[in-house]
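As a plain string of letters, each chain reads:
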There are 2 protein chains.
Amino acid sequence: MLTISQLAAYAGVTVRAVRHYHQIGLLPEPERDASGYRRYSAGAVVSLVRIRILANAGVPLSQIGQMLEADASTFAAAVEEIDRQLGDEIARLEASRRQIAQLAAGDRLALAPEVITYLDRLRDIGVSERVVAGERDSWILMSARWPDRVREWMPGKTAQLDDPQLIRLYRILSEIFESDTGDDARLVEAADILASLAEQAYRSGEIDLGEVAQDDLPFDLLDALAVEADPRVQRLLNLMRERGWDGLARLERLAEPPT
Amino acid sequence: MLTISQLAAYAGVTVRAVRHYHQIGLLPEPERDASGYRRYSAGAVVSLVRIRILANAGVPLSQIGQMLEADASTFAAAVEEIDRQLGDEIARLEASRRQIAQLAAGDRLALAPEVITYLDRLRDIGVSERVVAGERDSWILMSARWPDRVREWMPGKTAQLDDPQLIRLYRILSEIFESDTGDDARLVEAADILASLAEQAYRSGEIDLGEVAQDDLPFDLLDALAVEADPRVQRLLNLMRERGWDGLARLERLAEPPT
DNA sequence: TGGAGGGTTGACGCAGCGTCAAGGTCAAGC
DNA sequence: GCTTGACCTTGACGCTGCGTCAACCCTCCA
C-alpha cells in the first residue's frame, strides 16, 4: 500500500495534482487507513499513469475520464478533435510570434513598414517630433480601422510629400505646435495653404476615398485626437470652416461656402 | 466623446475587456458623464489599440503597461523574453501533438510499438484477454518507470515467447484465470514451470537486471497489481516461495531455500 | 409613456494546479 | 517518554483574461 506522495512520485506528478484529480472525480478516492491517510493500491498507479499519458498529450482533464472508457472509434474521434485544437493553439501562438517579431524588428508599434517610411520622411522634411507623434497616432487609428488599405495608401501619401506647398504646411504646423504662443498669423497661413491644397485635390477629383468615406467615425476621431493633442487645432478647424471646408483628416466642402 | 461600446468596437474588443483593463490599471478610467457613463476621448482609442497590438503579440497584460513606457533597449529585451516564452509554449504543444499522434496511431495507451507487438504475440499464442490486460498494465507501469529501457528489453522478451515451456505456462495461467474455481492442481503446475524457468535463467546468468534491480518498488507494485487483479496470484506467490523463489515480476532466490 | 437597448457595479466561473494556513501523524533518535 | 522533522489532512485563495449572469439605472425613439 502506497502513500499519496509515493503514488505521486511514481507517476511523476505532485501530491497536489493527485488530490486535484480526486476532487474532480478523475481518480477515485482510495480507502483511508486508521489515521485518515489515503492508501493506494497498485491499480491506482496504473490509473494515474494512464491519466498522465493523456494529459501530457494535451487532453483536457475534463475529457480524460470519458476517453479512458471510450471504445476505439469514439476514442479516435476525440483524439482527432484534440489534435485539431492543439493545431489551432499552435497556429495562434505562431501568429503571435510573427507579430512580436515585427515589434522586435524596430517599429515599436507594429505599424506597417510603409507607415514607418512615411513618418521617417516627415522627420527628414523637418517636421517636429510632436507633430510626427500626432501623425503616428493617427496612423495607428487608421491601421486599426483599415489594416489592409493603409499599405495601399502610403505610397501616394509619401509621394505627396514632394509637394513644396505641403512641406511648407508641415513646417508651419511644426512651428506652431512647438511654440507656446497662440500665434494666429501662423494658423491663418496654415489654413490658407490647407484650403489651397484641398481645392486642388477637389478639382482633380482626388478627394474620392470610395467606401472608406462612408465611415465618419475614424475621421471624427482623428480630428478629435488632434484637438486633444493641442487645443489650437480647434482654431485651425474654425479657420477651415470659414474657408468652406469641414474637418481636417478628411476635408469636405461645406454645402454652402460662406461668402 | 465615445461610449464604452463604441470604444470597444473600434479596437475590436469586448466591453468586458475594456472594463477589465480599467480594473487592472492598464487603461486609465476616463471621466464620467452626468449619469455615470464612461466617456472616452480619441486618445483612449489610441491607447486601447496600442494595448491590443501588444496583447495580440502574446504579451501578458501585466507587462504591457511597462512595455508601453519602456525605452528602446528595455523594450527589445522584453520582446526577446516574450518570444522565448512563446517558443517554449509552442514546443510544449508540439510535443503534446506528437504524443497524441502516437495515441491516434492505434495504441490507445501510448505504449511503445515494441510492447504492442509483444502483447499481440501473447494473443497469438492463445493467452486470454484477461491475462493480456494484466501484462499491458504491467508494461504501463514499467514504461512509466523506465521509459527508455523498456524498448531495449522487448526484443528479448518477445524472443522468449518461442520457448514451449513459457507458452505452456501462459496457457495454464490463462486457463486458471478464466475459470472461477480455485484449481490448485493447475496453480502447482504453473509454479513448477515458473520455478524451472527461473532456475534456467538463474544458471545462465540471465537474471541480471543491472541497476534496474536496485529499485524494488516497481516490482513490488507489479506483484501487488497481479494479486489485486486476481487473489489466486497470492497462492502462486506462496507456491513459488515454497520452491525457493521470491516475487513474480522479478524472481529472486531466497537466501535459504526450504528443504 | 413604455420598451428596447444602452450603461453601471458585483460576483462567480473557466483550467490546472501552486501555495499558504493550521493543524494531526509517523518514525527515529535521545 | 519526548522531541524533531517529514508527511498527512482539509480549506481556501491565487493565477490569466476575460465570459456571463444578476440586478438595477439611463437614454432615446415611436
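Treat the numbers as computed from the prediction; the structure is a model and nothing was measured. (Residues numbered from 1 in each chain as written. Chains lettered and ligands numbered in written order. Predicted model: local features only at pLDDT ≥ 70, side-chain atom pairs only at ≥ 80, totals over all residues. Heavy atoms only, no water.)

1. A look at the overall build of chain A
Consideration 1: Tallying secondary structure elements over chain A gives 12 helices and 2 strands in all.
Consideration 2: Taken from the N to the C terminus, the helices and strands of chain A come in the order α-α-α-α-α-α-α-α-α-α-α-α-β-β.
Consideration 3: For the C-alpha atoms alone, the extent of chain A along its principal axes is close to 100 × 40 × 35 Å.
Consideration 4: When each of the 259 residues of chain A is scored for burial, the buried share is 41%.
Consideration 5: Long-range pairs, those at least 24 residues apart, make up 58% of the contacts in chain A with a sequence separation of at least 6.
Consideration 6: Accessible surface, chain A: about 13600 Å² in total, of which carbon and sulfur atoms supply 50%.
Consideration 7: Side chains of chain A give 30 positive and 43 negative charges; the mean places of these two sets differ by 7 Å. (Helix = DSSP H or I, 4+ residues; strand = E, 2+ residues; numbered from the N terminus. Buried < 20%, exposed > 50% of the residue type's maximum accessible area, 1.4 Å probe, protein only. Contact = heavy atoms within 4.5 Å. Areas by Shrake-Rupley, 256 points an atom, 1.4 Å probe, with all protein chains shown as cover. Lys, Arg positive; Asp, Glu negative; His and termini not counted. Charge placed at Lys NZ, Arg CZ, Asp CG, Glu CD.)

2. Re the environment of Glu242 of chain B
Consideration 1: Take Glu242 of chain B: it is sitting in helix H12 (residues 232–242).
Consideration 2: When the C-alpha positions of Glu242 of chain B and Ile125 of chain B are compared, they lie 29 Å apart, and in sequence the two are 117 residues distant.

3. Observations regarding helix H5 (residues 72–104) of chain B
Consideration 1: Helix length check: H5 of chain B (33 residues) gives 47 Å between terminal C-alpha atoms against 48 Å at 1.5 Å per residue, within 8%.
Consideration 2: All buried positions along H5 of chain B are accounted for by Phe75, Ala78, Val79, Ile82, Leu86, Gly87, Ile90, Leu93, Ser96, Ile100 and Leu103 of chain B.
Consideration 3: The inward-facing, buried residues of H5 of chain B contact helix H3 (42–56) and helix H5 (72–104) of chain A together with helix H3 (42–56) and helix H4 (61–69) of chain B. (Expected span 1.5 Å × (residues − 1).)

4. Focus on the packing of aromatic side chains
Aromatic rings considered in pairs are described by the distance between their centres and by the relative angle of their planes.
All names here are of chain A.
Consideration 1: Inspection of every chain in the model, using the stated rule, returns 8 aromatic pairs over all chains.
Consideration 2: Aromatic pair Trp146 and Trp153: ring centres 5.8 Å apart, planes at 65°, arrangement edge-to-face.
Consideration 3: Assessed through its relative accessible area of 9%, Trp146 is described here as buried.
Consideration 4: Relative to Phe219, the ring of Trp146 has its centre 5.9 Å away and its plane inclined at 35°; by these criteria the two rings are tilted. (Phe/Tyr/Trp six-rings, centres within 6.5 Å; stacked < 30°, edge-to-face > 60°.)

5. What to know about the domain arrangement of chain A
Consideration 1: For chain A, the domain assignment lists domain 1 (1–66), domain 2 (70–105) and domain 3 (109–253).
Consideration 2: Put simply, the middle of domain 1 of chain A and the middle of domain 3 of chain A, counted by C-alpha atoms, are 65 Å apart. (Domains from an automatic or database assignment.)

6. Looking at the protein's contact with DNA strand D
Consideration 1: For DNA strand D, the set of nearby residues contains 19 residues, the closest of which are Thr3, Ser5 and Arg19 of chain A together with Thr14 and Arg16 of chain B.
Consideration 2: Taking Arg38 of chain A, its side chain carries an N or O atom lying 2.9 Å from a phosphate oxygen of DNA strand D.
Consideration 3: A distance of 3.0 Å separates a phosphate oxygen of DNA strand D from a polar atom in the side chain of Tyr21 of chain B.
Consideration 4: The element that contributes the greatest number of residues to the surface near DNA strand D is helix H2 (residues 15–23) of chain B, accounting for 4 residues. (Near = heavy atom within 4 Å. Polar contact = N/O pair within 3.5 Å; in protein donor to acceptor, adjacent residues only side chain to side chain.)

7. Some thoughts on the interface of chain A and chain B
Consideration 1: Contacts between chain A and chain B engage 50 residues on the former and 50 residues on the latter.
Consideration 2: Taken over both partners, the interface formed by chain A and chain B buries close to 4500 Å², and the fraction arising from carbon and sulfur atoms is 73%.
Consideration 3: Where chain A touches chain B, the interface holds 2 salt bridges.
Consideration 4: Residue Asp83 of chain B is joined to Arg97 of chain A by a salt bridge in which the shortest nitrogen-to-oxygen separation is 3.0 Å.
Consideration 5: One can count 11 residue pairs in polar contact (both at pLDDT 80 or more) joining chain A with chain B.
Consideration 6: Mapped by element, the contributors of at least two residues to the side of chain A that touches chain B are H3, H5, helix H7 (129–145) and helix H11 (216–229) of chain A. (Buried area = accessible area lost by both parts, 1.4 Å probe. Salt bridge = Lys/Arg side-chain N within 4 Å of Asp/Glu carboxyl O.)

8. Description of the protein's contact with DNA strand C
Consideration 1: Contacts to DNA strand C come from 19 residues, most closely from Thr14 and Tyr37 of chain A together with Ser5, Arg19 and Tyr37 of chain B.
Consideration 2: At the protein interface, 68% of the atoms of DNA strand C within 4 Å belong to sugar or phosphate.
Consideration 3: The side chain of Tyr37 of chain B places a nitrogen or oxygen atom 2.7 Å from a base nitrogen of DNA strand C.
Consideration 4: Elements that contribute at least two residues to the surface near DNA strand C include exactly helix H2 (15–23) of chain A together with helix H1 (4–11) and H2 of chain B.

9. Re the relation of the copies chain A and chain B
Both copies of the chain are related through a single rotation about an axis accompanied by a shift along the same axis.
Consideration 1: When chain A is brought onto chain B, the operation consists of a screw motion whose angular component is 180° and whose axial shift is 0.0 Å, with 0.1 Å RMSD remaining. Interpreted geometrically, this transformation is the action of a two-fold axis. For chain A, the minimum C-alpha distance to the rotation axis belongs to Ile90 of chain A and amounts to 2.8 Å.
Consideration 2: When the interface residues of chain A are mapped onto chain B, 100% of them again lie at the interface, so the same face is used by both copies. (Least-squares fit on C-alpha atoms with pLDDT ≥ 70 in both.)

10. Digging into the nonpolar core
Consideration 1: Formed by 166 residues in total, the largest nonpolar core has its most connected members in Val18 of chain A together with Val18 of chain B.
Consideration 2: In this structure Val18 of chain B touches Ile4, Leu7, Ala8, Val13, Leu27, Tyr40 and Leu48 of chain B, once residues within four positions along its chain are discounted. (Core = buried A, V, L, I, M, F, W, Y, C linked by side-chain atoms within 4.5 Å.)

11. Brief notes about the pattern of salt bridges
Residues and elements named next belong to chain A.
Consideration 1: One pass over the structure, following the stated rule, counts 54 salt bridges over all chains.
Consideration 2: The shortest N-O distance in the salt bridge between Arg130 and Glu178 comes to 3.6 Å. One end of the pair, Arg130, is in helix H7; the other, Glu178, is in helix H9 (residues 164–178), and 48 residues separate them in sequence.
Consideration 3: The class for Glu178 is partly exposed, based on a relative accessible area of 40%.
Consideration 4: Through salt bridges that share partners, Arg168, Glu175, Arg186 and Glu189 make up one connected network.

12. A short note on the side chain of Ser96 of chain B
Consideration 1: With respect to the helices and strands, Ser96 of chain B occurs in helix H5.
Consideration 2: Of the polar contacts made by the side chain of Ser96 of chain B, one reaches the backbone oxygen of Asn56 of chain A; its length is 2.9 Å.
Consideration 3: Beyond its immediate stretch of four places on either side in the chain, Ser96 of chain B contacts Asn56, Ala57, Gly58 and Leu86 of chain A.

13. Thoughts on helix H7 (residues 129–145) of chain B
One turn of the α-helix equals 3.6 residues, which is why residues spaced by three or four share an orientation.
Consideration 1: In a regular helix each residue adds 1.5 Å, so 17 residues correspond to 24 Å; H7 of chain B covers 24 Å between its end C-alpha atoms and thus fits that length.
Consideration 2: Residues of H7 of chain B that are buried include every one of Val131, Val132, Glu135, Asp137, Ser138, Trp139, Ile140, Leu141, Met142 and Ser143 of chain B, and no others.
Consideration 3: On its buried face, H7 of chain B is in contact with helix H1 (4–11) and H3 of chain A together with helix H6 (113–125), helix H8 (149–160), helix H9 (164–178) and helix H11 (216–229) of chain B.

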